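Structural overview for review
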Amino acid sequence: METRTFESVISALNNMVAQKQVIDPSQWLEAAQIINLFLEQEQNKLFDVEQSTAKVKCDLIDTGLTVSEAKIRVEATDGYKEVRQQKAKIERAIELIRISKLQARLTSDNMRSN
């Protein structure tokens, strides 16, 4: 059995959608549950990267730069880019969970009405 990861679950859903496969309500819910479990790890990664960029900003301010200058310099770093990417990844995951729940509910409602 293949080890499930945050990326593998999202990738599998993306592939199914790209191939226009019908995704079963139970698959939507299972994917949402798995992503929700991995979300804590992703949020912890975000906190670590945010802390690192904050330390860089503090170091720059300690060298005599103004807060504005330090902020601009930090925003030009790869660490800041990583923070932004991690935030976007978490937001997409949360939205995917919402969509998964809604998709499962709609399919369930359609099955009951038939």
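Just so it is clear, the structure is predicted and the values come from calculations on it, not from any experiment.

This part covers the overall build of the protein chain. A count of helical and extended segments in the protein chain gives four helices and zero strands. Reading the helices (α) and strands (β) of the protein chain from amino to carboxyl end gives α-α-α-α. Residues counted as buried form 27% of the 114 residues belonging to the protein chain. Taking all contacts inside the protein chain whose residues are at least 6 apart in sequence as the whole, residues at least 24 apart take part in 71%.

Before going further, it helps to spend a moment on the packing of helix H2 (residues 25-62) against helix H4 (residues 78-113). It is the contact of H2 with H4, at a shortest axis distance of 9 Å, that shows an interaxial angle of 160°. It follows from the interaxial angle that H2 and H4 lie roughly antiparallel. Considering how the two elements wind past one another, H2 and H4 form a crossing that is left-handed.

Further remarks concern the packing of H2 against helix H3 (residues 67-75). Where H2 contacts H3, the two axes come as close as 9 Å, and the packing angle between them is 140°. Accordingly, the angle class assigned to the pair H2 and H3 is oblique. As for how H2 packs across H3, the hand of that crossing is right-handed. On H3, the residues touching Thr53, Val56, Lys57, Leu60 and Ile61 of H2 are Val67, Ala70, Lys71, Arg73 and Val74.

Calculation notes
Residues numbered from 1 in each chain as written. Predicted model: local features only at pLDDT ≥ 70, side-chain atom pairs only at ≥ 80, totals over all residues. Heavy atoms only, no water. Helix = DSSP H or I, 4+ residues; strand = E, 2+ residues; numbered from the N terminus. Buried < 20%, exposed > 50% of the residue type's maximum accessible area, 1.4 Å probe, protein only. Contact = heavy atoms within 4.5 Å. Axes fitted to C-alpha atoms, helices over the stretch in contact; angles between N-to-C directions. Parallel < 35°, antiparallel > 145°, perpendicular 65-115°, else oblique. Left-handed = near helix turned anticlockwise from the far one by under 90°.

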